[in-house]
Every structure is written in C-alpha cells, then in structure tokens.
Number of protein chains: 2
Amino acid sequence: MSARGLLEHAARRGWTVGVAESLTGGLVTATLVEVPGASGVVRGGVVAYATDLKATLLGVDVGLLAERGAVDPDVATAMAQGARRVTGADVGLATTGVAGPAPQDGRPPGLVYVAVVTPGASVVRRLEVDEDRAGVRATAVDAVLGLAVELVAG
Amino acid sequence: MSARGLLEHAARRGWTVGVAESLTGGLVTATLVEVPGASGVVRGGVVAYATDLKATLLGVDVGLLAERGAVDPDVATAMAQGARRVTGADVGLATTGVAGPAPQDGRPPGLVYVAVVTPGASVVRRLEVDEDRAGVRATAVDAVLGLAVELVAG
C-alpha cells in the first residue's frame, strides 16, 4: 500500500510529510494518518478547496491563479511547496483537479495534477481520469502517494 | 446524511463552512466535499495533526497546549475558532482526540472532543469511544457533523 510505503521510506530518511489538497478534500492526509505510527512522520496539511485559500493558506501566487485557474501544473507544484513550508515538512504532496461533473475554469472533468516536492526533487504529473467524482478523487489519492513513494524511495 | 444536511442548512442561511482536524486527519472535510455542490459552501480546512501546527496554523494558544495537551475541550473550541478565521468561513468545525491504541498526553484512547462555532453559538462535546482507530475516527466525524447540523439548523 502506497501510504504505508511512503511513511516507511520517509521514516528511514528522517523526513516528515505535509499535504496540500484541493479536489481530494482531505483524503490524502486521512489515508496517511490511518497508518499506525503516522504521527512520527505526518505533520498535517491544508485543504485549500476554495481557490483563494490556495493563495492565503499556501502562498500560491495570486497572478498565477488568476491567469491559469486552480487546475494547473504550476499551481500544483506551488501547493506542494506551500505544504512543505506551512507544515514545516521535508516532503510536500499536492492535488488539484476537476472532480466533475461540470468543467471548472475551462478544464474538463477528470483532469488532475498531482505534485510532490522533496529536499532534492520536484515532480508534477498530469492525469486524465474517466470516472465519477469518487473515482477521480480515489485515482488522485493513489497517484500522489505513488509519486511520493517513487521520489522518497529513490 | 449529516454532511448533506449541514450543507443544505448552511446554504439556506448563506453560511460557509471551514474545518480544523486533528485525529480525523482530513476525513471531516473529505466527507463534506463528497456532497455535490459542496464548493458553494465548503471553504476548506486545516489538518493540524502535529500539536505545534494547532498553534502555528490555527492560532491555538501555546500556553494552553503546553498545559493541557492537544486533547482538551478548550483546544477543540480554539481550533474551531481558528478554522473559521483562517478559512474565512461562518461556521468552524473541529476534532481532537486519541485514536489509540496508545494514550496521548495522559488521555486514554477513544477520548474525543468535537467543537462547532457559528456566528451565534459555540458548543463542544465530549465522547468516549470504545472502538479501534478507524471506529474512533468514524465516530468523531459523525459527531462533529451531527453537532454542526444541530447548531446550523437551529
């Protein structure tokens, strides 16, 4: 399971983890804290569901949000950087996307960006998910945890 | 379902909702955003899993945390107030407690406080839950949503 793997790899490196979530609404952080012993690694996170909270709580550039909207690879990366900073964590995870069924900011349902920033790397991944709201969210959770495992284990 | 009821009652009053979570780790916010149309009411939230984040991200008094620990009724209320302030919401929900299996800060597993602050009321409720980690969390989610429905519908 990715959550357990992430926490094990992070603990081995002495790294902590923080999360910034938009469309997943807290599911990434909730998945991590389900793992016994999570409190030694998981700092916490911010659910910036409203777009303006991505700026006020996570420090995402207001101009970037105005120009591109919330569902954008650079916004995802800035959210992950914000997660690291505001939680004081070594590793930041972020999700942003359109759960659907309606488009948002001109982006289609199922478009998701997940980003992970570690002390040595920053990677963002684009997903196009053809599922319902719950399926889009579950896929986003798996994708960001999987990407984090790759970067933290590597 | 409490999440749907809360969003309907809040929308009727023109109120928005913000969340501060500790032991539930994001589950309250995730439950709320599952409801279609949530984006009109749910602002977002903070998962202050590490105790120090309750001070830095939510403004809970450091002296209070040092004296009482994180699992305390006044800490729960201060977290709900912090949720309102940092998300700019009308209604703040908060959870803090011991998921177990080990005690925390001298508090037994299953001890949970949930708090809700609205423009006109502030209520905190104490729970003693005899279940495993997942059961304690699920009970805390139901309890804070149920309390919020009472206060927002009332």
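Bear in mind the structure is a predicted one, so any value in this text is a computation, not a measurement.

What counts and what doesn't
Starting afresh in each chain, residues are numbered from 1 along the sequence in its written order. Here every chain gets a letter starting at A, and every ligand a number starting at 1, in the order they are written. Owing to the predicted nature of the model, reporting of local features is limited to residues with pLDDT of at least 70; listing and counting of side-chain atom pairs is limited to 80 or more, with chain, interface and lining totals taken over all residues. For the side-chain quantities, the full set of heavy atoms in the structure was used; hydrogens and water were omitted. Here the rule is simple: two strands pair whenever DSSP picks up at least two bridges between them. Elements are defined by DSSP. Helices are runs of H or I of four residues or more, strands are runs of E of two residues or more, and each kind is numbered from the N terminus. Whenever a helix is involved, its axis is fitted only over the stretch in contact; in every case the axis is a line through C-alpha atoms, and angles between N-to-C directions fall within 0 to 180 degrees. Two residues qualify as a contact provided that any one of their heavy atoms is within 4.5 Å of a heavy atom in the partner residue. The set of buried Ala, Val, Leu, Ile, Met, Phe, Trp, Tyr and Cys residues whose side-chain atoms join them within 4.5 Å is what this entry labels a nonpolar core. Type-normalised accessible area, obtained with a 1.4 Å probe on protein chains alone, sets the label of each residue: buried when under 20%, exposed when over 50%, and partly exposed for intermediate values. Charge convention: Lys and Arg are scored as positive, Asp and Glu as negative, and His as well as the terminal groups of each chain are ignored. In what follows, salt bridge is the name for a side-chain nitrogen of Lys or Arg lying within 4 Å of a carboxyl oxygen of Asp or Glu. Under this definition, polar contacts are N or O atom pairs within 3.5 Å; protein pairs additionally need one hydrogen-donor-capable and one acceptor-capable atom, and for neighbouring residues in sequence, both atoms have to be side-chain atoms. Only residues with pLDDT of at least 70 in both copies count here: their C-alpha atoms drive the least-squares fit that superposes the copies.

Draft legend 1. The sheet that holds strand E5 (residues 122-128) of chain A, seen in detail. Spatially, the 10 strands line up as an open sheet ordered E5(A)-E4(A)-E3(A)-E1(A)-E2(A)-E2(B)-E1(B)-E3(B)-E4(B)-E5(B), and their pairing is mixed. Two strands lie at the open edges of the sheet, namely E5 of chain A together with strand E5 (122-128) of chain B, each paired on one side alone. Across the sheet, the axes of successive neighbouring strands diverge by a mean angle of 15 degrees, strand direction being ignored. Taken strand by strand, helix H5 (residues 73-87) of chain B contacts strand E1 (17-21), strand E2 (42-47), strand E3 (91-97), strand E4 (111-117) and E5 of chain B, and its axis lies near 140 degrees from that of E3 of chain B.

Draft legend 2. Inspection of the nonpolar core at higher detail. Grouped together as the largest cluster of nonpolar side chains are 50 residues, with contacts concentrated most on Leu58, Val60 and Met79 of chain A together with Leu58, Val60 and Met79 of chain B. Those elements that provide at least two residues to this core are helix H3 (51-56), helix H4 (62-68), helix H5 (73-87) and strand E4 (111-117) of chain A together with helix H3 (51-56), helix H4 (62-68), H5 and E4 of chain B. In this view, Val60 of chain A contacts Lys54, Ala55, Leu65, Val75, Ala78 and Met79 of chain A; residues no more than four positions away in its chain are not counted.

Draft legend 3. Focus on the side chain of Glu21 of chain A. Residues and elements named next belong to chain A. You can see Glu21 is positioned in strand E1 (residues 17-21). Although Glu21 is buried, it makes no salt bridge; Arg137 carries the closest opposite charge, 8.1 Å away. Reaching out from Glu21, the side chain makes a polar contact with the side chain of Thr24 at a distance of 2.6 Å. For Glu21, the contacting residues outside a window of four places in its chain are Gly26, Leu27, Val28, Thr29, Val46, Val47, Ala48, Tyr49, Met79 and Thr95.

Draft legend 4. Region of interest: the relation of the copies chain A and chain B. Between chain A and chain B, the superposition needs a rotation of 180 degrees and an axial shift of 0.0 Å, giving an RMSD of 0.0 Å. Given the turn and translation reported, the copies of this chain are related as if by a two-fold rotation axis. Counting the interface residues of chain A, we find that 100% of their copies in chain B are interface residues as well, pointing to one common contact surface.

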